[in-house]
Amino acid sequence: MHVIAPSILSANFARLGAEVIDVIDSGADWIHFDVMDNHYVPNLTIGPLVCEAIRPLTSAPIDVHLMIRPVDRIVPDFARAGANIITFHPEASEHVDRTLSLIRENGCQAGLVFNPATPLDWMEHVLDKLDLVLLMSVNPGFGGQKFIPSTLAKLRAARARIDAHERETGRRIRLEIDGGVKVDNIAEIARAGADTFVAGSAVYGAGRDADPHRYDSVLAALRAQLEKT
Ligand code: DX5
Ligand code: ZN
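Notes on the structure follow. (Residues numbered from 1 in each chain as written. Chains lettered and ligands numbered in written order. Predicted model: local features only at pLDDT ≥ 70, side-chain atom pairs only at ≥ 80, totals over all residues. Heavy atoms only, no water.)

## Observations regarding the coordination of the zinc ion (ligand 2)
Looking at the metal site, the zinc ion (ligand 2) is ligated by His32 (NE2), Asp34 (OD), His65 (ND1) and Asp178 (OD), spaced 2.1 to 2.3 Å from it. For the zinc ion (ligand 2), the six donor atoms in the first shell make angles of 69 to 170° at the metal, so the coordination geometry reads as octahedral. Mapped onto the polypeptide sequence, the residues donating to the zinc ion (ligand 2) form the spacing pattern H-x1-D-x30-H-x112-D. You can see His65 sitting in strand β3 (residues 62–67) and its partner Asp178 sitting in strand β7 (residues 174–178), a full 113 residues away along the chain. The burial state of His65 is the same as that of Asp178; both residues are buried. (Donors = N, O, S within 2.8 Å, 3.2 Å for Na, K, Ca; no water. Tetrahedral: all angles 85-135°; square planar, octahedral: opposite > 155°, others 65-115°. Helix = DSSP H or I, 4+ residues; strand = E, 2+ residues; numbered from the N terminus. Buried < 20%, exposed > 50% of the residue type's maximum accessible area, 1.4 Å probe, protein only.)

## Notes on the site of ligand 1
Surrounding ligand 1, one finds 20 residues, the nearest of these being Asp34, Gly144, Asp178, Gly200 and Ser201. Ser7 is positioned such that a nitrogen or oxygen atom in its side chain is 2.9 Å from an oxygen atom of ligand 1. Within the side chain of Asp34, one N or O atom sits 2.8 Å away from an oxygen atom of ligand 1. Surface burial for ligand 1 is 100%, taken as the share of its 380 Å² of free accessible area covered by protein chains. Residue assignment for the shell around ligand 1 shows that the elements contributing at least two residues are β2 (31–36), β3 and β8 (196–199). It is β2 that contributes the most residues to the shell around ligand 1, three residues altogether. Of the residues in the shell around ligand 1, the class split is eight nonpolar, 10 polar and two charged. (Near = heavy atom within 4 Å. Polar contact = N/O pair within 3.5 Å; in protein donor to acceptor, adjacent residues only side chain to side chain. Areas by Shrake-Rupley, 256 points an atom, 1.4 Å probe, with all protein chains shown as cover. Nonpolar A, V, L, I, M, F, W, Y, C, P; charged D, E, K, R; others polar.)

## Examining the side chain of Thr58
Mapped onto the elements, Thr58 comes out in the loop between α2 (48–54) and β3. Residue classification places Thr58 among the buried residues on the basis of a relative accessible area of 11%. Here Ala60 takes part through its backbone nitrogen, which lies 2.9 Å from a polar atom of the side chain of Thr58. Those residues in contact with Thr58 that sit more than four places away from it in its chain are Val20 and Ile24. (Contact = heavy atoms within 4.5 Å.)

As structure tokens, then:
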């Protein structure tokens, strides 16, 4: 099943609760929650307090993307704040296997995030601890960047590895893409193997003036493209 996860990084933070509710009411599946620390990435965003504040507004999964270093200390805080999925960048953790276990021990699904230049080898010895693999199709830190085309080949390679793991174990790992996903490229991205699509500026940048159902048409357009695949 295809999952669309709007990134609230591009939402209007002055009315964040309404932005979360609107996007889910308009047909989004997950909320993608970008955490930046002005250290691992050159930007600063939101933390567990904001996750806790939006948690009661929706039953949709909250997909927390940690762009922070160090990783481990904040994991239990996000779990308590209602995160369902927690992903992190392997370069930002001293002990990747331990961090994946920590996320699961705290009751969340766990995933690794691969920057454009990060090799997929990082997943090789921890596949059994992964619920999700997230490929960055931009360099992390900002919304509204352009999709890096070489990510398509990387997606195909990740899809092959994940499918082989599923054949060996019967266990399915989601393959998520994050950065520059738009109506005009989502079909190609899906054909390359992604099943979960983060879209920030494409969703929140559309329909700002189309109250009350601001995001219905862009989400329908994204889904219509996915149905063609
Ligand atoms: C970038 C973030 C993304 C970002 C995507 O570091 O991880 O989730 O919000 O934004 P768009 O869809 O605008 O590229
Ligand atoms: Zn993200």
